[in-house]
Amino acid sequence: MRLFVAADLPTDLRGRLESLQRELREAPLPVRWARPDGIHLTLKFLGEVAGSRLEELTTAVAGAGRRVGPFRLETARAVPFPAGGTPRLIWVEVRGDIDQARTLAAAIDAASAPFGVPPETREFTPHLTLGRVKGPGREGWRDVLERAGGSGLGGFEVTEYVLFESRLDPGGAVYTAIRRFPLGREGAAGGAP
C-alpha cells in the first residue's frame, strides 16, 4: 500500500483553492493540476508499506499526535517551487502555528522510522500543492503568480491528522482515508476513517 499522513482541509477552503486553480488555468502554461478534493497538507510521505504491517504502523502513527494540541494555519500566496530556478510545483504557502505543525510532522517521522520509512532530511515546509509544472514554458509562472497571488484564501484549524492510501489512476492520484487521529488526546488509539 502506498501511504502518507496529512491534515485534511475544510470544504470551504477547498472551494477557494479550486477557484484559484480555475483562475490560473487561464494561463497558457504547462501544468498538471491537483484534484481539488485531494488537496491536503502533507505531514509525511510513507511510501510503500506491506499490508501485513498496516495495523502496527497505524498504532505508531496514532501515538505521534497525542502530545500535540490543535493548531491554526493560514494560507498565504500561491508561489512557484523552488523559489529560484525552474519551477516544478505551484503551491500555496502556509503560515500560522508552524512550530506545532513541525512538531507533529517530526513526531510522525520518528514514529514511522521503525517501519523502514526513511527519515526526512529537509526542514518541514507546510504548503498546499495546486499543481505540478511540466514541459517548456515553466519560467512564465512567476509572472502569472505575481498577478494572481491567491492570498487571503483563509485559514483552517488542524484538530486531527489522517493516514491516507494513495492509488494512482490514469486521471491522477486517488486518496482514501484509512484512519483519522485526533490531536492532543493521550491514550487515543485513533478514530474511524
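See above for the structure.
It should be emphasised that the depicted structure is a prediction, and the values quoted were computed from it without experimental measurement.

With that out of the way, let us pick up the pattern of salt bridges. Applying the stated criterion across every chain, the model contains 14 salt bridges. In this structure, arginine 180 and aspartate 8 form a salt bridge, with 3.4 Å as the shortest nitrogen-oxygen distance. Highlighted residues: arginine 180 in strand E9 (residues 172–182) and aspartate 8 in the loop between strand E1 (2–7) and helix H1 (11–25), separated in sequence by 172 residues. Look at arginine 180 and you get partly exposed, because its relative accessible area is 22%. The class of aspartate 8 is partly exposed, set by a relative accessible area of 24%. Across the pair aspartate 109 and lysine 44 runs a salt bridge, and its minimum N-O distance is 2.6 Å. Of this pair, aspartate 109 sits in helix H3 (residues 98–112) while lysine 44 sits in strand E3 (residues 41–48), and the two are 65 residues apart along the sequence.

Following both chains from N to C, one finds helix H2 (residues 54–64) and H3 inclined at 150 degrees, their axes separated by 8 Å at the closest point. By the criterion of interaxial angle, the relationship of H2 to H3 is roughly antiparallel. Remark: the crossing between H2 and H3 carries right-handed chirality. For the pair H2 and H3, contact is made by Leu57, Ala60, Val61 and Ala64 and by Leu104, Ala107, Ile108, Ala111 and Ser112, respectively. A class-by-class count of the residues in the contact of H2 with H3 yields 8 nonpolar, 1 polar and no charged.

Our focus in this paragraph is the sheet that holds strand E4 (residues 71–81). In space, the 5 strands of this open sheet follow the order E2-E6-E5-E4-E7, with antiparallel pairing throughout. Edge positions in the open sheet fall to strand E2 (31–33) and strand E7 (155–158), since each of these has one partner strand only. Each strand of the sheet is rotated relative to its neighbour by a mean of 35 degrees, with strand direction disregarded. Pairing of E2 with strand E6 (residues 127–133) involves 3 bridges; the strand directions are antiparallel. Looking across to E6, one finds that arginine 32 is bridged to arginine 132. The sheet contacts of H1 involve E2, E4, strand E5 (89–96), E6 and E7, and relative to E6 the element is tilted by about 30 degrees. Of the strands in this sheet, E4 and E5 touch H3, which is tilted by about 90 degrees from E4.

Our focus in this paragraph is the sheet that holds E9. Read from one edge to the other, the open sheet built from 4 strands follows the order E3-E1-E8-E9, with strand pairing classed as antiparallel. The sheet is open, and its two borders are formed by E3 and E9, each paired with just one other strand. The mean angle between the axes of side-by-side strands here comes to 25 degrees, regardless of whether they run parallel or antiparallel. As defined by bridge partners, E1 adjoins E3 across 6 bridges and the pair is classed as antiparallel. Residue pairing across strands places valine 5 opposite lysine 44, the latter belonging to E3. Running over the sheet, H3 touches E1, E3 and strand E8 (160–169) and is turned about 10 degrees from E3.

The rules behind the values
- Residues numbered from 1 in each chain as written.
- Predicted model: local features only at pLDDT ≥ 70, side-chain atom pairs only at ≥ 80, totals over all residues.
- Heavy atoms only, no water.
- Salt bridge = Lys/Arg side-chain N within 4 Å of Asp/Glu carboxyl O.
- Helix = DSSP H or I, 4+ residues; strand = E, 2+ residues; numbered from the N terminus.
- Buried < 20%, exposed > 50% of the residue type's maximum accessible area, 1.4 Å probe, protein only.
- Axes fitted to C-alpha atoms, helices over the stretch in contact; angles between N-to-C directions.
- Parallel < 35°, antiparallel > 145°, perpendicular 65-115°, else oblique.
- Left-handed = near helix turned anticlockwise from the far one by under 90°.
- Contact = heavy atoms within 4.5 Å.
- Nonpolar A, V, L, I, M, F, W, Y, C, P; charged D, E, K, R; others polar.
- Pairing = 2+ DSSP bridges.

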